[in-house]
Amino acid sequence: MIKVEFHQFFALFSEPRRAALLAATEHRLYEAGALVFDEGDASDALYLVLDGEVELRKRTDTGKVEILARVRGDECFGEMGVLDGCGRSAAAYTVSDTRLARIPGAAVLSALAEEPSSTVIRMFRSVSDRLRRTDIDYVSETFRAERFP
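What comes next concerns the included structure. Model, not experiment: these values are computed from the prediction.

Cut-offs and rules
- Numbers given to residues run from 1 along each chain, matching the order in which its sequence is written.
- Totals for whole chains, interfaces and linings use all residues, but because this is a predicted model, local features are given only for residues with pLDDT of at least 70 and pairs of side-chain atoms are given and counted only at 80 or more.
- Derived side-chain values reflect all non-hydrogen atoms in the structure, with water molecules and hydrogen atoms excluded from consideration.
- Pairs were defined over the aromatic rings of Phe, Tyr and Trp, the Trp ring being its six-membered one, requiring ring centres within 6.5 Å. Orientation was assigned from the angle between planes: stacked under 30 degrees, edge-to-face over 60, tilted for the rest.
- Each residue is assigned to one of three classes by its accessible area relative to the maximum for its type, calculated with a 1.4 Å probe on protein chains only: buried under 20%, partly exposed between the two thresholds, exposed over 50%.
- Helix and strand assignments follow DSSP, with helices taken as H or I runs no shorter than four residues and strands as E runs no shorter than two, numbered in order from the N terminus.
- Any two strands are treated as partners once DSSP identifies two or more bridges connecting them.
- We call two residues in contact whenever any of their non-hydrogen atoms come within 4.5 Å of each other.
- Axes here mean lines fitted to C-alpha atoms, for a helix over just the part in contact, with angles spanning 0 to 180 degrees between N-to-C directions.

Focus: the packing of aromatic side chains
Any aromatic ring pair is given by two values, namely how distant the centres are and how the planes are angled relative to each other. Scanning the model with the defined rule gives five aromatic pairs in all. Relative to Phe 13, the ring of Phe 9 lies with its centre 5.3 Å away and its plane at 55°, an arrangement referred to as tilted. Residue Phe 9 is classed as buried on the basis of its relative accessible area, which comes to 3%. Measuring from centroid to centroid gives 5.3 Å for Tyr 47 and Phe 77, while their planes differ by 15°, and the two rings are stacked. One end of the pair, Tyr 47, is in strand E3 (residues 45-51); the other, Phe 77, is in strand E6 (residues 76-77), and 30 residues separate them in sequence.

Encoded structure:
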């Protein structure tokens with residue numbers, strides 16, 4: 001289990017912004033199979049995984065549910081919607097009993113606005129890296145499923 005103040009997300013920020021973000025953070029416990037947020041919901045917060053695991057799921061046009069990614073300890077999710085202001089592009093469900101830290105989007109955006117541009121670039125690199133890994137994993141899994149039905 002990770003203590004919230006040691007989560008890698010906070011390493012992006014200077015001490016004053018880190019303290020403000022920690023002060024705005026809410027701790028939440030979820031049982032296995034719980035819905036954290038649904039596709040289309042307002043992107044009002046990002047989440048840090050402190051313990052457990054979360055699946056990001058997307059419903060296809062045919063009604064099938066695809067698992068886009070699994071997020072585990074010391075990772076975050078939900079930041080893309082906070083950054084772009086759009087609704088949730090996927091649903092988030094806990095895989096196991098999970099402890100999350102929820103940081104309101106307004107607090108994140110305020111902290112980013114006060115930080116140097118290098119912090120914003122590091123944040124976008126983090127999002128970009130995860131999207132790239134998700135794309136690679138999704139394409140690999142789709143290829144495998146089509147090849148070995």
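Next comes the rest of the description.
What about the sheet that holds E6?
Taken in spatial order, the four strands line up as E1-E8-E3-E6 in an open sheet, and their pairing is antiparallel. Strands with a single pairing partner mark the edges of an open sheet, and in this sheet they are strand E1 (26-30) and E6. Each of E3 and strand E8 (98-104) is contacted by helix H3 (residues 105-114), which is oriented at about 60° to E8, the strand it contacts most.

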